[in-house]
Amino acid sequence: RFLFGTKFAQQDEIWVIPLDLTVEPYRVFESGQDYGEPILSPDGRWLAFKSTESGKEEVYVTPFPSLSGKWQVSISEGDRPHWSADGKRLFYLDNNDFINVAEVDGSSSSFQVGAVRKLFKTRGARPGSVYTINPAGTKFYVNQLADRTNESDPFVMIQNWDAALITR
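Since we're looking at a predicted model, the values are computed, not measured. (Residues numbered from 1 in each chain as written. Predicted model: local features only at pLDDT ≥ 70, side-chain atom pairs only at ≥ 80, totals over all residues. Heavy atoms only, no water.)

Novice: Can you help me understand the sheet that holds strand β10 (residues 98-105) in this one?
Specialist: Strand pairing in a sheet takes place through backbone hydrogen bonds and is either antiparallel or parallel in direction. Spatially, the 4 strands line up as an open sheet ordered β8-β9-β10-β11, and their pairing is antiparallel. Looking at which strands have only one partner, the edges of the open sheet turn out to be β8 (79-83) and β11 (112-121). Along the sheet, successive strands turn relative to each other by an average axial angle of 25°, direction set aside. By the bridge criterion, 3 bridges tie β8 to strand β9 (residues 89-93) in an arrangement that is antiparallel. Residue pairing for β9: H82 is matched across the bridge by F91. (Pairing = 2+ DSSP bridges. Helix = DSSP H or I, 4+ residues; strand = E, 2+ residues; numbered from the N terminus. Axes fitted to C-alpha atoms, helices over the stretch in contact; angles between N-to-C directions.)

Novice: Could you clarify how one ought to interpret the environment of P63 in this entry?
Specialist: Locating P63 in the fold gives a position in strand β6 (residues 58-63). Look at P63 and you get buried, because its relative accessible area is 9%. C-alpha of P63 to C-alpha of L47: the two residues are 16 residues apart in sequence and 6.1 Å apart in space. (Buried < 20%, exposed > 50% of the residue type's maximum accessible area, 1.4 Å probe, protein only.)

Novice: Whenever I open this one, the pattern of salt bridges confuses me. Can you help?
Specialist: Close approach of charged atoms allows side chains with opposite charge to pair. Tallied over the full model, the rule gives 6 salt bridges. Residue D79 pairs with R80 through a salt bridge whose shortest N-O separation is 2.6 Å. The class of R80 is buried, set by a relative accessible area of 14%. Across the pair E103 and R117 runs a salt bridge whose closest N-O atoms are separated by 3.3 Å. Of the two residues, E103 is situated in strand β10 and R117 in strand β11; the sequence distance between them amounts to 14 residues. (Salt bridge = Lys/Arg side-chain N within 4 Å of Asp/Glu carboxyl O.)

Novice: Where do I start with the sheet that holds strand β7 (residues 71-72) in this structure?
Specialist: The 4 strands are arranged β4-β5-β6-β7 in an open sheet whose pairing can be described as antiparallel. At either margin of the open sheet sits one strand with a lone partner, and together these are β4 (35-40) and β7. Examined bridge by bridge, β4 and strand β5 (residues 46-51) share 4 bridges and lie antiparallel to one another. Bridge pairing in β5 places Y35 opposite S51.

Below you can see the structure in the form of structure tokens.
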């Protein structure tokens, strides 16, 4: 079991913090490039992350914890990767605020990137967490920028929203 963190210094770095306290935290990559937004695949075998090693932000996948090999998933820039619950799709946000999905196969020792397609355009509120996906991969929750062209639209604030949740 591991925790991942991103250290913001001169450049972003991905750090692994083993929950086994006998092992010291360590940096995933020893290069001078920016690395961030780490997310482990559901089976724990693959680490998706963004990097600027190509000169642009792109989404990559590497085996974890061996880090032996690396595959670029994004096309024409990308960041904020998210895995589907079954690990067969990797979602990411491109530089034009489109959420993309790549069909991926990490069932063997080599990683395969299949078709990549745009799903929809967002008006994501960058920086920060622009979107997340439900476990089934069927719903997206997007932190949208408000369209303030019509100033008469009301602003609605819901307090104690958690009291309305149904628990079973």
